[in-house]
Amino acid sequence: MKMEQTRKNKLLAPIAETGHCGLFLMRMLGSIRLERQLLISTLQQTYLIGARSLVIIMICGFFVGMVLSLQSINALQQFGASDQVSLLVGKSLFRELGPVLTALLFAGRAGTSIAAEIGLMKATSQIEAMQLMAIDPVQRIALPRFLAGVISMPLLTAMFNAFALLGAVMFSIGVMGLDPGIFWSKLHTGIYFTKDFMGGVWKSIVFGGLVSLIAVYFGYYAKPTGEGVGTATTRTVVLSSVLVLIFDFIMTSFLI
Amino acid sequence: MKDPIIRIRNVHFQRGDKVVLDDVSMDIGRGGIVAIMGPSGVGKTTILRLISGQLQPSKGSIEVNGKQVSKLSRRKLYECRKDIGVLLQNGALFTDLTVFENVATPLREHTDLGEEEISERVTAKLDSVGLAGTEELMPHSLSGGMARRVALARAVILNPKIVLFDEPMTGLDPIAMSTVGRLIRETNDSLGLTSVIVTHNVSQMKKLVDYCFILASAKLIAEGSPQELMRNSDPAVDQFMNGRVEGPISFKYREDAGNATASPGR
Ligand SMILES: Nc1ncnc2c1ncn2[C@@H]1O[C@H](COP(=O)(O)OP(=O)(O)O)[C@@H](O)[C@H]1O
Ligand SMILES: [Mg+2]
């Protein structure tokens, strides 16, 4: 009986938590007011989050582009089709690798720092102090960070893709000596705006919302201790990485 | 006491199996400084949280300013809290904002004042707690006593009716302690506040407060002016006021039935 109970709780707990998180999202969105303050703090957070993640995303993008073209050229050469490399690199970047890898890097860099920051505010009673001043911390602390995540993820993905293409250009044109004209024209004619480009943009918006929701949620409900803050950060990376990959599959099957 | 501003009636509060407050009633009158005292872990902070509506009692009622705080919706509760200033245990200043912005936060949130007016009021308030010129400092560069004073300025910037203090002197050096004590008295009298101070510091309490409640073992065991309490011959009151080890108040977490329980501080 007891065991059955705990097994049942183990099964129900994630479902209950998902519901709780959904309610938190509703409460956050319900507190949106069109005011200057929200605009300013959202822009501030976008700047902070973007600036935090930009360098790492540029570096990773560049090397992903290089390795992608290295592998593609290697494989395509067997069929004598190495001039198709830009098409392969472009499609996989815009559709999959750009949004997914950016989201994973974002979770590790910005997600953790959002969760830790909010968790620390909780551990030092700053959240409680706000509530006691009749200021809603969900509106003032969580919401701007969430919105900033939604805004900055597509922008960061664009940077990732740009640097990956740069990496691909440097490798395939600079190192392998492919013809730049063919490289760019294949890319230009083979990548479709709605299917390839916008598909990636939608994904990155969803991933941005997902990762930053998880980060603010875990930060906000962190136990107000040092250990609680640590747990919140760890759970943020783990859960958001897993969910990004699951959502990627779901979204791809609808978008394709 | 006639026309109390805070009226606590037969309140019962429990955490898990542990009874924190058992049938506690208090009337806190308008004006003046009131202390709620008792050993660590007895439930003093819990009472403040009940008054501010952060916690709800399992039985009994709490009326603040004529409103039942435990029955308000979040919006009404937030409305009600504008009349209550709170100074948390370690000040809880916003670490990413300057001293000026910390004190200005309630004004920015709850008033339509212009930048000039805000600046004027914040400067005046900082001046009144003896911290003129600290506007641009960040909280981490303040000493414990200064941080407490900034938090006091922030708590009273909206001219509330009631201010709640959770252990305002704990962890301060003796000079800072007296400074904060004097400021609490000055602020209380000049703004006509009702101050409720939670503390376990008996000597400070004797100097500062007008009326005092003593909690032990989840119950209210005595109330009165500090002078009356010093003369009180109840063994538990005497033990607490004079800091004796021997007596009915135990320092064990749980004791067998029949005996008093008071957990060590956390
Ligand atoms: N978040 C909590 N969870 C469980 N028990 C708590 C919590 N906060 C306080 N308590 C318990 O409630 C009792 C009263 O706590 P508190 O009001 O903080 O005491 P005080 O402020 O008088 O030191 C303590 O015994 C403590 O163990
Ligand atoms: Mg306490």
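The present account deals with the structure reproduced in this document.

What counts, and where the lines are drawn
- In this numbering scheme, every chain counts its residues from 1 along its sequence in written order.
- The naming scheme follows written order: chains are lettered A onward, ligands numbered 1 onward.
- Two thresholds apply to this predicted model, a pLDDT of at least 70 for residue-level local features and 80 or more for giving and counting side-chain atom pairs, whereas whole-chain, interface and lining totals are computed over all residues.
- Side-chain metrics rest on all non-hydrogen atoms present in the structure, leaving aside hydrogens and water.
- A cutoff of 4 Å decides nearness: a residue is near a molecule or strand if any of its heavy atoms lies inside that distance of it.
- The term polar contact refers here to a pair of N or O atoms within 3.5 Å; inside protein, the definition further demands a hydrogen-donor-capable atom paired with an acceptor-capable atom, and it admits residues adjacent in sequence only when both atoms are side-chain atoms.
- Methods summary: accessible areas were calculated by the Shrake-Rupley approach with a probe of 1.4 Å, and residue burial reflects only the protein chains presented.
- The helix count covers DSSP runs of H or I at least four residues long, the strand count covers runs of E at least two residues long, and both are numbered beginning at the N terminus.
- Charged means Asp, Glu, Lys or Arg here, nonpolar means Ala, Val, Leu, Ile, Met, Phe, Trp, Tyr, Cys or Pro, and polar covers whatever is left, Gly included.
- Residues count as neighbours in contact if any of their non-hydrogen atoms are within 4.5 Å of one another.
- Note: buried area is the sum, over both parts, of the accessible area (probe 1.4 Å) each one loses when the two are combined.
- Salt bridges are defined by distance alone: a side-chain nitrogen of Lys or Arg within 4 Å of a carboxyl oxygen of Asp or Glu.
- Two strands qualify as a pair provided DSSP detects at least 2 bridges between them.
- Between N-to-C directions, angles span 0 to 180 degrees; the directions come from axes that are lines fitted to C-alpha atoms, helices contributing only their stretch in contact.

The next point concerns the site of ligand 1. Residues and elements named next belong to chain B. What surrounds ligand 1 is a group of twelve residues, the closest being Arg-15, Gly-41, Lys-44, Thr-45 and Thr-46. For ligand 1, an oxygen atom lies 3.3 Å from a polar atom in the backbone of Val-42. Between ligand 1 and Thr-45, the relevant distance is 2.6 Å, taken from an oxygen atom to a side-chain nitrogen or oxygen of the residue. A total of 560 Å² of accessible area belongs to ligand 1 in isolation, and the protein chains cover 73% of it. Looking at the shell around ligand 1, the elements with two or more residues in it are β2 (18-29) and α1 (44-51). Among the elements that line the shell around ligand 1, the one with the most residues is α1, at three residues. Tallied by class, the residues present in the shell around ligand 1 amount to two nonpolar, six polar and four charged.

Opposite the 20 residues of chain B that make contact, chain A presents 16 residues. Taking both sides of the interface into account, the surface hidden between chain B and chain A amounts to around 1600 Å²; carbon and sulfur atoms contribute 56%. A per-residue breakdown of the area chain B buries against chain A is headed by B:Tyr78, B:Phe94 and B:Glu109, which together make up 33% of the total. Here chain B is connected to chain A by two salt bridges. Residue A:Glu128 is joined to B:Arg49 by a salt bridge in which the shortest nitrogen-to-oxygen separation is 3.2 Å. Elements that contribute at least two residues to the side of chain B that touches chain A include exactly α2 (74-81), β6 (84-87) and α3 (99-110) of chain B.

On to the sheet that holds strand β5 (residues 67-68) of chain B. All names here are of chain B. If you trace the four strands from one edge of the open sheet to the other, you get β2-β1-β4-β5, paired in antiparallel fashion. Two strands close off the open sheet at either side, each with one partner strand: β2 and β5. Where strand β1 (residues 4-15) and β2 come together, eight bridges link them in antiparallel fashion. When the sheet's bridge partners are listed, Ile-8 is paired in β2 with Met-26. Contacts between α1 and the sheet are confined to β1, β2 and β4 (59-64), with β1 contributing the most and set at about 120 degrees to the helix.

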